[in-house]
Amino acid sequence: MPAPRTRLLAVLAVAAATALAGCAPADATPPTPTPTVEPVFASDEEALAAAIAAYEAYAEMSQIIGEDGGDDPERIRPFVGAALAEIAIEEFEQLQANSLRLVGAVQVEGGTLAEWGQAKDVFVTAYLCTDVSATRVVNESEVDVTPSDRADHLTLVVDFTGTDDERQLIVESSDLWSGPSTC
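Just so you know, these numbers come straight off a predicted model, no measurement behind them. Counting restarts for each chain: residues are numbered from 1 in the order of the written sequence. pLDDT decides what is reported in this predicted model: residues at 70 or higher carry local features, side-chain atom pairs at 80 or more are listed and counted, and totals for whole chains, interfaces and linings draw on all residues regardless. Processing note: side-chain calculations cover all non-hydrogen atoms of the structure and skip hydrogens and water entirely.

Digging into the overall build of the protein
- A count of helical and extended segments in the protein gives three helices and six strands.
- The way it works is that DSSP assigns letters per residue, a run of H or I at least four long becomes a helix, a run of E at least two long becomes a strand, and they are numbered from the N terminus. Put simply, the protein runs from its N terminus to its C terminus through helices and strands in the order α-α-α-β-β-β-β-β-β.
- Exposure categories follow from relative accessible area, calculated using a 1.4 Å probe and restricted to protein chains: below 20% of the type maximum is buried, above 50% is exposed, and the middle band is partly exposed. Across the 183 residues of the protein, 30% fall into the buried class.
- In this description, contact between two residues means that some pair of their heavy atoms is separated by no more than 4.5 Å. In the protein, the proportion of contacts linking residues at least 24 apart, taken out of those at least 6 apart, comes to 57%.
- Summing over all exposed atoms, the protein offers an accessible surface of approximately 11,500 Å²; the carbon and sulfur share of this is 58%. All accessibility values rest on the Shrake-Rupley procedure with a 1.4 Å probe; residue burial counts only the protein chains present in the view.

What follows is the structure, encoded as structure tokens:
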């Protein structure tokens, strides 16, 4: 509970503000309202389309680095957040250390928007349906060493961020969805 003096000061401040408000001249110009922030995306469909485009750009660069056997993994940084960059770079370094490379491309077959919003930055979460059936891991002798139990179609839950003034998103996290398929 506030001290009696603090409460008295608060009451006086409210009373003074009320009294001053009544003293404003009748012809005074009202203050200009602060503009509201325009949404980055006009619709959920636009947010999902931006998320899919960002994931496809990330997948394309991952494919290029993977086809190069993990060489120059830093190329992934513009497409991902800092934490995911470290994970991806480590995975590409493992490819290189094991003389492996990737062949084939991941295809995004569609997705479902989970949520999007904006405060300081924009965030989007989406369930993406991917087809990895055309991708393989091969060794230096071009022998396919792809795990035989790998599923060909995966549902991923992917988090994206971006700035309020751009519709360009980056991938913050991408995890295999363990819930019911949204594909």
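From this point, the discussion proceeds with the structure in view.
Focus on the nonpolar core
- Definition of nonpolar core: a set of buried residues of the types Ala, Val, Leu, Ile, Met, Phe, Trp, Tyr and Cys, connected through side-chain atoms within 4.5 Å. Phe 41, Tyr 55, Ile 76, Phe 160, Leu 169 and Val 171 are the most contacted members of the largest nonpolar core, which has 31 residues in total.
- Of all the secondary-structure elements, those providing two or more residues to this core are helix 2 (44-67), helix 3 (82-97), strand 3 (121-131) and strand 5 (153-163).
- Here this core gets eleven residues from one element, more than from any other, and that element is helix 2.
- Once residues lying within four places of it in the same chain are set aside, the contact partners of Ile 76 are Tyr 58, Met 61, Ser 62, Ile 65, Ala 88, Ile 89 and Phe 92.

Focus on the side chain of Ser 62
- Structurally, the position occupied by Ser 62 is in helix 2.
- A relative accessible area of 15% places Ser 62 in the buried class.
- Contacts of Ser 62, omitting those with residues within four sequence positions, involve Ile 76 and Phe 92.

Looking at the pattern of salt bridges
- Throughout this description, the term salt bridge denotes a Lys or Arg side-chain nitrogen within 4 Å of a carboxyl oxygen of Asp or Glu. If you walk through the whole model with that rule in mind, you get six salt bridges.
- Two residues, Arg 75 and Asp 72, come together in a salt bridge whose shortest N-O distance is 3.6 Å.
- You can call Arg 75 partly exposed: its relative accessible area is 24%.
- Ionic contacts of the salt-bridge type, sharing partners, join the residues Asp 68, Asp 72 and Arg 75 into one network.

A word on the confidence of the model for the protein
- Chain-level statistics for the protein give a pLDDT mean of 82 and a share of 78% at 70 or above.
- Confidence scores labelled pLDDT are given residue by residue by the predictor and lie between 0 and 100. The model gives residues 1-28 a pLDDT under 50, and that stretch makes two contacts with residues more than four places away or in other chains.

A closer look at the environment of Lys 120
- On the secondary structure map, Lys 120 appears in the loop between strand 2 (107-118) and strand 3.
- For Lys 120, a relative accessible area of 69% translates into the label exposed.
- When the C-alpha positions of Lys 120 and Gly 162 are compared, they lie 9.5 Å apart, and in sequence the two are 42 residues distant.

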